[in-house]
Amino acid sequence: MKPDDLVTIPDPVDARLGARLAELRAEHGWSLGELADRTGVSRSTLSRAERAEISPTASLLNRLCGVYGRTMSRLLSEVEAEPALLVRAAEQPVWEDRASGFVRRSVSPPHTGLRGELVEGRLGSGADIAYDRPPVPGLEQHIWVLEGALDVTAQDVEHHLDAGDCLRLRVWGPTRFRCSGRDEARYVLAVVLP
């Protein structure tokens, strides 16, 4: 085997750092070209850093931290330790909006470097939640109803979902989730960053 035939495995910290950099760029909705314009760093260097093909220099990280509005210490602390791969059901964080009757369980193990997550949602009968905008424009959502019925409105189109139905959409503007049935609606929401 020749040295060129060997596959280089990225350093785990560089891999987590690259994934976090890609996530930050996606959160801002910037292309590689836009980020290159903002930082003065070439698109190819930025791309290679995000894919952990290179270990970013302090100078490169400083420029990126400047456009992302964070300190280098904060950025590095976000990637220091590998997050848990498994979160037991009893340890999954649950948040309740008592005013609307919405209960949200974060099913996926938390990881800042990944683009997707699973959430379990529960809406009581008659519950109605409206969001004025997505946290990230172009956010991809897959809504799979497990029990009950759910009405989802996006881009002024209402979709009625019964148990077993799945709706996929990209969210650019306001959305609304409404439990239209007599029973609670329970659904899985798969969220994928653009």
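Treat the numbers as computed from the prediction; the structure is a model and nothing was measured. Residue numbers here run from 1 along each chain, matching the order of that chain's written sequence. Only residues with pLDDT of 70 or above have their local features reported here, since the model is predicted, and side-chain atom pairs are shown and tallied only from 80 upward, although totals for entire chains, interfaces and linings are computed over all residues. Values reported for side chains reflect all heavy atoms of the structure, with hydrogen atoms and water molecules removed beforehand.

Trainee: Help me out: how do you make sense of unusual backbone geometry in this one?
Mentor: A positive phi angle, close to 60°, is found at Ala52, a residue other than glycine. The helix and strand labels rest on DSSP assignments: H or I over at least four residues marks a helix, E over at least two residues marks a strand, and numbering proceeds from the N terminus. Note that Ala52 resides in the loop between helix H3 (43–50) and helix H4 (58–68). For Ala52, a relative accessible area of 12% puts it in the buried group. Even without being a glycine, Gln155 presents a positive backbone phi close to 50°. Tracing the backbone through its elements, the reader meets Gln155 in the loop between strand E6 (149–154) and strand E7 (157–162). Partly exposed describes any residue whose relative accessible area lies between the buried limit of under 20% and the exposed limit of over 50%, with all areas from a 1.4 Å probe on protein chains only and scaled to the type maximum. Residue class for Gln155 comes out exposed when judged on its relative accessible area of 53%.

Trainee: Help me understand the side chain of Gln141 in this model?
Mentor: Of note, Gln141 is situated in strand E5 (residues 139–147). The contact partners of Gln141, leaving out residues within four places of it in the chain, are Leu167, Arg168, Leu169, Val171, Phe177, Leu189 and Ala190. Should any heavy atoms of two residues lie within 4.5 Å, those residues are considered in contact.

Trainee: Is there a simple way to think about the sheet that holds E6 in this case?
Mentor: Pairing between sheet strands relies on hydrogen bonds along the backbone, with the strands arranged either parallel or antiparallel. Strands are labelled as partners when DSSP assigns at least two bridges between them. Ordered in space as E4-E9-E6-E7, the four strands form an open sheet in which the pairing is antiparallel. If you trace the sheet from one side to the other, it starts and ends with strand E4 (128–131) and E7, each paired once. Neighbouring strand axes in the sheet, compared pairwise and without regard to direction, differ in orientation by 15° on average. With six bridges connecting them, E6 and E7 associate as antiparallel partners. Bridge assignment links Thr153 to a residue of E7, and that residue is Glu158. With axes taken as lines fitted to C-alpha atoms, and helix axes fitted only over the stretch in contact, angles between N-to-C directions fall between 0 and 180 degrees.

Trainee: Honestly, the nonpolar core in this entry has me stumped. Any pointers?
Mentor: Burial of nonpolar side chains together is a common tendency in soluble globular proteins. Judged by nonpolar contacts, the single largest core of 23 residues is most densely connected at Leu123, Ile143, Leu150, Val152, Leu169, Phe177 and Tyr187. Looking at this core, the elements that each hand over two or more residues are strand E3 (116–123), E5, E6, strand E8 (166–171) and strand E10 (185–192). Sort the elements by how many residues they give to this core and E10 lands first, with four residues. The residues touching Leu169, leaving out its near neighbours within four places in the chain, are Leu139, Glu140, Gln141, Ile143, Val152 and Ala154. Put simply, buried Ala, Val, Leu, Ile, Met, Phe, Trp, Tyr and Cys residues joined by side-chain atoms within 4.5 Å make one nonpolar core. Within the second largest apolar cluster, 17 residues are counted, among which are Leu17, Trp30, Val41 and Tyr68.

Trainee: Could you clarify how one ought to interpret the pairing of E3 in this entry?
Mentor: Sheet faces and side chains relate simply in a regular strand, where the side chains alternate between the two faces. Both strand E2 (residues 102–106) and E3 contribute to a ladder of five bridges, which runs antiparallel. From the neighbouring strand, Phe102 faces E3, where its bridge partner is Leu123.

Trainee: Please explain the pattern of salt bridges as it appears in this structure.
Mentor: Pairing between side chains of opposite charge can happen when their charged atoms approach one another. Salt bridges are defined by distance alone: a side-chain nitrogen of Lys or Arg within 4 Å of a carboxyl oxygen of Asp or Glu. If you walk through the whole model with that rule in mind, you get 16 salt bridges. Here Glu23 and Arg20 are joined by a salt bridge, their closest N and O atoms 2.0 Å apart. Residue Glu23 and its partner Arg20 are both found in helix H1 (residues 12–28); the two are separated by three residues, about one turn of the helix. Among the residues examined, Glu23 registers a relative accessible area of 7% and is labelled buried. The class of Arg20 is buried, set by a relative accessible area of 6%. For Arg122, the salt bridge goes to Glu120, with nearest N and O atoms at 3.3 Å. Looking at Arg122, the relative accessible area reads 27%, which means it is partly exposed. Taken together, the shared-partner salt bridges in this structure form one network comprising Arg105, Glu120, Arg122, Glu147, Glu184 and Arg186.

Trainee: In this structure, what is going on with the packing of aromatic side chains? I would like to understand it.
Mentor: Aromatic ring pairs: the centre-centre distance and the angle between the two ring planes describe each pair. Ring pairs shown here join Phe, Tyr and Trp side chains whose ring centres sit within 6.5 Å, with only the six-membered ring taken for Trp; geometry is labelled stacked below 30 degrees between planes, edge-to-face above 60, and tilted in between. The full count for this structure, using the stated rule, is four aromatic pairs. Centre to centre, the rings of Tyr131 and Phe177 are 6.1 Å apart; their planes meet at 90°, and the pair counts as edge-to-face. You can see Tyr131 sitting in strand E4 and its partner Phe177 sitting in strand E9 (residues 175–178), a full 46 residues away along the chain. The exposure class assigned to Tyr131 is partly exposed, which follows from its relative accessible area of 35%. Taking the relative accessible area as the measure of exposure, Phe177 reaches 5% and is therefore buried. Both rings, one in Phe177 and one in Tyr187, keep their centres 5.9 Å apart while their planes meet at 25°; by these two values the pair is stacked. Placement of the pair is Phe177 in strand E9 and Tyr187 in strand E10, with a sequence separation of 10 residues. A relative accessible area of 4% places Tyr187 in the buried class.

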